[in-house]
Amino acid sequence: MKESTSIKSYWLAYGIIAEAINDEKSMDHRNKELANYYENAENMGILGLADTRFLSQLCTEEEIQIARDTAASFYDYWKRKQKTEDINELSESLNERDLTEEKNDWLASIGVTKQYDYPYEGIYDISVGVSHQYEKGITASGKYADYEIKLQEDNTYFMSNVENVERFFYNNQHGAQKLYDSLKKADNSDLLPLERRAKYRIEEQNNIYQVLGGETDVSKSEIIIDSSYVLYCHLHELTHLWTQPEQEEKTTEDIWFGEEIACYGALQVEEYCGVDIKSYKDVDYFFVLAKMLESADTEEAKKILELYKSAGGSMEEKEFNHTLFNDIYVHENIEKYGLEIAIQNYNYPYYELFINYLVENYSLEDVIEVVTKHQTVEETFGKNFEELQQK
Ligand SMILES: [Zn+2]
C-alpha cells in the first residue's frame, strides 16, 4: 500500500480502507468507544497517530485497534474539514504538520472533555516498518535519515517503549532540520558534505560508562549507537557526518577539530538532545558526570563539587549549570594533571570549551575551513595547533 501510492502515513491508509470497506462498526458506535478511551488523558499518545502506533512490534492488539478506529474517525473529520475526497490532496495537506488544534477539535466533536497535547505530535513524514535486520526491531525513513532500531525488552533501555521511539524520531527529525539550517548559515557551508543521508543503526548495550556511545563511519554514511545514550549523541554523530571528509589516517589535530565541530553542532540543537539512562533521564551528560563525582566521594571530586556549588551552581536536575560546571571541571583537571595529560583524559569538556573559544574569537567559517581540510590550522588561525591549545 505504502509503496504504490503517495500515502505516507499508516493512519491515512487505515482511514481510507475503513471507508472503502464500509466496515460494520458504525461511526457512531466507534466514536462512543473512542470518546470513552480518550477521556483518560494518559491515553492521548495514540492520537499522535504516528506509524509506530500500528506496529505489533511496539503496541498491543488492543492499542492497534484503537489506532485504526481513531484513524477512521479522524480521517472522516479531516475530509470534511479539507472539503475534498481527493486522496493525493488529503495526503499533501498533512505534510510536516502539527495537527494539535484539529485533533482537539475532533475530540470535542466526539464529546471528549480532555485536551490533546502530545509532545511528539507531527512525525508523519517518518515512515516506519518491521526490521529485517533485528528479530524484534523496526526500520524507518525520514527526510534526512534511514534507521534500523533494535527494540529492547528491558525497560531500563531507551528503545523499549513506543513513546520513547516516537520521542527519538521527533527529536531526530526536528534536531536534524535545525542542525542543517545552522550549518547552512556559514558563508562557506558549500564546503560541507550536507548532502549525506544518515543511516542510523541503534542497538543499545548496557555500557553506561561509555561517554557518548556512538560512532560515525563517514565513508558509509553510517551512525552506530551502541550505548544507552541514544538521545545524547544522535545529533553529535550527525554533525560528524555532515562536516568531516573521508580520511584514512587521522592526526590528533583532525580528531580534535572533528570532535569540536560535533560538540558545536550538538550545542546548536541542545533542546533535542539529552541523557536517557533511566536514573538520569532527560538531563545533560555533565549532570551525569557531576552525579558520578558525588557518588565517587574522593577528595578531587569533593573539591570540584564544592567549587561548583560555591560559585552558585545547583545540583538540582532542572537548575544544573552546564557551562559553570564544565569550566570548573576542566580547570581543576588541568591544575591536577597538567594541560597535556588532562586533555587526553577529559576530552569532551575541552572540545566544547575550545570550539566556543574559536567561534567567539575567530569564526565558525574558520573552523569549517580546517575541518574540511581546505586550509591548515596555521593558515587559518596564524598559530599552530599547540599554540592555539594553550589558550
Ligand atoms: Zn564525536
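Residues numbered from 1 in each chain as written. Predicted model: local features only at pLDDT ≥ 70, side-chain atom pairs only at ≥ 80, totals over all residues. Heavy atoms only, no water.

1. A closer look at the overall build of the protein chain
For clarity, the cut-off: Per the convention used, a helix needs a DSSP run of H or I reaching at least four residues, while a strand needs a run of E reaching at least two, with both numbered from the N terminus. Categorising residues by exposure relies on relative accessible area from a 1.4 Å probe, with only protein chains included: less than 20% of the type maximum marks a residue as buried, more than 50% marks it as exposed, and the intermediate range marks it as partly exposed. Contacts are assigned to residue pairs that have any heavy atoms within 4.5 Å of one another.
Assigned secondary structure in the protein chain consists of 16 helices and 6 strands. A total of 391 residues make up the protein chain; the buried ones form 52% of that total. Intrachain contacts of the protein chain at a sequence separation of at least 6 include 61% that bridge at least 24 residues.

2. Some points on the pairing of strand 2 (residues 137-141)
Just so we agree on the cut-off: In this scheme, strands are said to pair when DSSP sees at least two bridges between them.
Of the pairings in the sheet, the one linking strand 1 (residues 127-130) to strand 2 comprises 4 bridges and is antiparallel in character. Paired with Val-128 across the two strands is Ala-140, which belongs to strand 2. Counting the residues in the hairpin turn of strand 1 and strand 2 gives 6 residues. In this sheet, strand 3 (residues 145-150) lies alongside strand 2 in antiparallel orientation, the contact comprising 5 bridges. In the sheet register, Ser-141 faces strand 3, and the bridge partner there is Asp-146. Counted along the chain from strand 2 to the antiparallel partner strand 3, the turn is 3 residues long.

3. A word on the packing of helix 8 (residues 252-268) against helix 14 (residues 364-371)
Note the threshold: For helices, the fitted line uses only the C-alpha atoms of the stretch in contact; every axis is such a line through C-alpha atoms, and the angle between N-to-C directions lies from 0 to 180 degrees. Put simply, angles under 35 degrees are roughly parallel, angles over 145 are roughly antiparallel, angles from 65 to 115 are roughly perpendicular, and the rest are oblique. Rotating anticlockwise by less than a right angle from the far helix to the near helix defines a left-handed crossing, while the corresponding clockwise rotation defines a right-handed one. Classes in brief: Ala, Val, Leu, Ile, Met, Phe, Trp, Tyr, Cys and Pro nonpolar; Asp, Glu, Lys and Arg charged; the others, Gly included, polar.
Contact geometry of helix 8 with helix 14 gives a least axis separation of 10 Å together with a crossing angle of 140 degrees. Between helix 8 and helix 14, the interaxial angle falls into the category oblique. Along this stretch, helix 8 crosses helix 14, giving a crossing that reads as left-handed. Between helix 8 and helix 14, the contacting residues are Phe-257, Ile-261 and Tyr-264 on the first element and Leu-364, Val-367, Ile-368, Val-370 and Val-371 on the second. Of the residues belonging to the contact of helix 8 with helix 14, the class tally is 8 nonpolar, no polar and no charged.

4. Some details on the environment of Thr-243
Counted only if it meets this: We call two N or O atoms a polar contact when they sit within 3.5 Å, provided that within protein one can donate a hydrogen and the other can accept it, with sequence-adjacent residues counted only if both atoms are side-chain atoms.
Position of Thr-243 among the secondary structure elements: in helix 7 (residues 230-243). Engagement of the side chain of Thr-243 in a polar contact is seen with the backbone oxygen of Thr-239, the distance being 2.6 Å.

5. Comments concerning the packing of aromatic side chains
Quick reminder of the rule: Two rings from Phe, Tyr or Trp (for Trp, the six-membered ring) form a pair when their centres are within 6.5 Å of each other. A pair whose planes differ by under 30 degrees is stacked, one over 60 is edge-to-face, and the rest are tilted.
A full pass over the atoms with the stated rule returns 29 aromatic pairs. The interplanar angle of 75 degrees and the centroid separation of 6.4 Å between the aromatic rings of Tyr-357 and Tyr-362 together place this pair among those described as edge-to-face. Through pairs of rings, three or more aromatic residues link up here, namely Trp-256, Phe-257, Tyr-351, Phe-354, Tyr-357, Tyr-362, Phe-381 and Phe-385.

6. As for the environment of Glu-352
Relative to the elements of secondary structure, Glu-352 occurs in helix 13 (residues 347-361). Looking at Glu-352, the relative accessible area reads 8%, which means it is buried. As a C-alpha pair, Glu-352 and Asn-326 span 26 residues in sequence and 8.9 Å in three-dimensional space.

7. Comments concerning the coordination of the zinc ion
Rule in force here: Distances up to 2.8 Å from the metal define which N, O and S atoms are donors, and 3.2 Å serves for Na, K and Ca; water is absent from the atom set, so sites may look incomplete.
Protein-derived ligands of the zinc ion are His-236 (NE2), His-240 (NE2) and Glu-259 (OE), with the metal-ligand distances lying across 2.1 Å. In the primary structure, the donors to the zinc ion are separated according to the pattern H-x3-H-x18-E. Separated by 4 residues within a single helix, His-236 and His-240 lie in helix 7, roughly one turn from each other. What makes His-236 buried here is its relative accessible area of 3%. Using a relative accessible area of 8% as the deciding quantity, one classes His-240 as buried.

8. So, the sheet that holds strand 6 (residues 222-225)
Picture the strands of a sheet paired through backbone hydrogen bonds; they go either parallel or antiparallel. Taken in spatial order, the 6 strands line up as 1-2-3-4-6-5 in an open sheet, and their pairing is mixed. Edge positions in the sheet fall to strand 1 and strand 5 (214-217), since each of these pairs with one other strand and no more. Across the sheet, the axes of successive neighbouring strands diverge by a mean angle of 15 degrees, strand direction being ignored. Against the sheet, helix 6 (residues 162-184) engages strand 1, strand 2, strand 3 and strand 4 (198-202), with an angle of about 160 degrees to strand 3.

9. Section: the pattern of salt bridges
Stated formally: What makes a salt bridge here is a side-chain nitrogen of Lys or Arg within 4 Å of a carboxyl oxygen of Asp or Glu, nothing more.
Tallied over the full model, the rule gives 13 salt bridges. A salt bridge links Lys-303 to Glu-332; its shortest N-O distance comes to 3.1 Å. Of the two residues, Lys-303 is situated in helix 10 (residues 299-310) and Glu-332 in helix 11 (residues 322-337); the sequence distance between them amounts to 29 residues. Here Lys-303 falls in the partly exposed class, since its relative accessible area comes to 40%.

10. What to know about the side chain of Thr-243
Judged by its relative accessible area of 0%, Thr-243 is buried. The contact partners of Thr-243, leaving out residues within four places of it in the chain, are Leu-183, Leu-192, Pro-193, Ile-261, Val-371 and Thr-372.

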